[in-house]
Amino acid sequence: MASCSLVLLVMVVLADVPRILTFNCVAPTKIPNAPPIPDMADSYQAHIELNILDKNKTWAVEEYMDFEGNRAARIVSEENEITKYIYSFYTDEIFVLKDETCKVVNMSSPAGEKLMVGSGSKAIPNDGDRRRIVGSSSVFKYIPKSSDLYAGKDTVRGIKADKWTSCKDFGSTQIRIDYYFSEPGWTMPLNIPLPLRIEVEGNIPNRGGASGTHYFHHIYEFISYRPDIETKSTMFETPTDVVCVGRESTKPLPVFDNRFQYLAENVDPLRLGITHFSVWYDGLSNLVRIDKRDTLPLPPVYTTNPVTEIHDHNSGKFLVVRFLRGKLPWPVCETCALRQG
């Protein structure tokens, strides 16, 4: 779960104006027989309150990580704006959804690197430059599995907790990461220790080629957390009414047979009319038959009675047959040219 914290850390740090403060991380004193930090699930969903203390800001974040499906999603609420990020690792794309619009960002681009989820992603072997999501447990590379990181008991939002502390060096600078988990004796919604808070503070090198370092202090409050994800969740799908221009095609358009039949309904909201169709298509003979009935008298026959059209693409002509109530059908136009469009 620490992965989501470091994800947001990276995104926020890149937006910060360099602010120089002296910071020294003090590692905790080794406690004999201290408990190890809990293992984390690679797939999870969480609601997080992100407090950016060095900028007087608070964000609300929903995060979804699906390791097996190689996908992730994040919804960020900040300053009256809601932005959803969908990570498509197989296509190396990030879909940024905001105000019913969609922007496609390539993960390998500088803009994409700023929006990466987890501790990053890695290329799938033998699959070109395709990436694979890195699970949350990989973030614990910052914390060796040793009990000397245990910092004792604490309280988070009134919940009894265990605390672990780690110091991470960046050359001449340092950051401190404090992890808080519910203690085993505290009853939680799930019968396992759950992450309650991650606090990150320190100086980190400036990104984008800029020299120097800057100070930051972020606190991630885990309001809810589940170590699983719904495999059929629509959270990882773009809305049906939003087009992401330029996205990679992952499924080709189906190829129709040379002969087929279908039923259709055409709704005209301007004329408030509805037309029902039965269509027979014969690509081998270059013939099309259309049986239809309009609720409005539309050209070329101006009738609401049933109509049959025979389109002969060999001769470029079509025949219109109109059916009158109680009478035999009669041809309205026998030698009309095929309409364009």
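Just so it is clear, the model here is predicted, and its values are computed rather than measured.

A. Main features of the environment of Ile75. Positionally, Ile75 belongs in strand 3 (residues 71-78). Among the residues examined, Ile75 registers a relative accessible area of 15% and is labelled buried. Along the sequence, Ile75 and Tyr85 sit 10 residues apart, while their C-alpha atoms lie 6.3 Å from each other. Residue contacts for Ile75: discarding those within four places in its chain leaves Ala60, Val61, Glu62, Ile82, Thr83, Lys84 and Met235.

B. Region of the structure containing the state of the cysteines. Evaluation of the coordinates by the stated rule reveals 2 disulfides. Here Cys25 pairs with Cys167 through a disulfide, and the sulfurs are 1.9 Å apart. Because the torsion about its S-S bond is -75°, the bridge between Cys25 and Cys167 counts as left-handed. One end of the pair, Cys25, is in the loop between helix 1 (2-15) and strand 1 (44-52); the other, Cys167, is in strand 10 (residues 159-170), and 142 residues separate them in sequence. Owing to a relative accessible area of 11%, Cys25 belongs among the buried residues under this scheme. Its relative accessible area of 27% is what places Cys167 among the partly exposed residues. What pairs with Cys102 in a disulfide is Cys244, and their sulfur atoms sit 2.0 Å apart. The disulfide joining Cys102 to Cys244 has a torsion of about 100° about its S-S bond and is therefore right-handed. With Cys102 in strand 6 (residues 101-106) and Cys244 in the loop between strand 13 (213-226) and strand 14 (259-268), the pair connects residues that are 142 residues apart, well separated along the chain. On the basis of relative accessible area, Cys102 is assigned to the buried category, the value being 15%.

C. Representation of the pairing of strand 14 in the model. Across 10 bridges, the pairing between strand 14 and strand 15 (residues 273-282) is antiparallel. In the sheet register, Arg259 faces strand 15, and the bridge partner there is Asp282. Linking strand 14 to strand 15, which pair antiparallel, is a turn of 4 residues; within it Leu272 sits at a positive phi near 60°.

D. Representation of the packing of aromatic side chains in the model. Throughout the structure, instances matching the rule amount to 7 aromatic pairs. Each ring, one from Trp164 and one from Phe181, has its centre 5.8 Å from the other, and the planes form 85°; the classification is edge-to-face. Note that Trp164 is positioned in strand 10 and Phe181 in strand 11 (residues 173-182), a separation of 17 residues in sequence. Residue Phe181 is classed as buried on the basis of its relative accessible area, which comes to 3%. Ring geometry for Phe260 against Tyr281: centres 4.9 Å apart, planes inclined by 25°, an arrangement best described as stacked.

E. Here's a closer look at the confidence of the model for the protein. Looking at the protein, the pLDDT average stands at 80 and 77% of residues meet or exceed 70. Note that residues 1-18 has pLDDT below 50 and, in this model, 65 contacts with residues that lie over four places away or in other chains.

F. The arrangement of the pattern of salt bridges in detail. Evaluation of the coordinates by the stated rule reveals 14 salt bridges. Its salt-bridge partner being Glu183, residue Lys153 comes within 3.2 Å of it at the nearest N-O pair. On the criterion of sequence distance, the pair formed by Lys153 in strand 9 (residues 150-156) and Glu183 in the loop between strand 11 and strand 12 (195-205) is long-range, its members being 30 residues apart. In this structure Lys153 comes out as exposed when scored by relative accessible area, which is 56%. Using a relative accessible area of 15% as the deciding quantity, one classes Glu183 as buried. Here Arg176 and Glu201 are joined by a salt bridge, their closest N and O atoms 3.2 Å apart.

G. Representation of the sheet that holds strand 5 (residues 93-98) in the model. Read from one edge to the other, the open sheet built from 11 strands follows the order 6-5-4-3-2-1-13-12-11-10-9, with strand pairing classed as antiparallel. Sheet topology places strand 6 and strand 9 at the edges, where each strand pairs with a single neighbour. Strand after strand, the sheet turns through a mean of 20° between neighbouring axes, direction not considered. In this sheet, strand 6 lies alongside strand 5 in antiparallel orientation, the contact comprising 6 bridges.

What counts as what
Residues numbered from 1 in each chain as written. Predicted model: local features only at pLDDT ≥ 70, side-chain atom pairs only at ≥ 80, totals over all residues. Heavy atoms only, no water. Helix = DSSP H or I, 4+ residues; strand = E, 2+ residues; numbered from the N terminus. Buried < 20%, exposed > 50% of the residue type's maximum accessible area, 1.4 Å probe, protein only. Contact = heavy atoms within 4.5 Å. Disulfide = S-S within 2.5 Å. Pairing = 2+ DSSP bridges. Phe/Tyr/Trp six-rings, centres within 6.5 Å; stacked < 30°, edge-to-face > 60°. pLDDT = per-residue confidence, 0-100. Salt bridge = Lys/Arg side-chain N within 4 Å of Asp/Glu carboxyl O. Axes fitted to C-alpha atoms, helices over the stretch in contact; angles between N-to-C directions.

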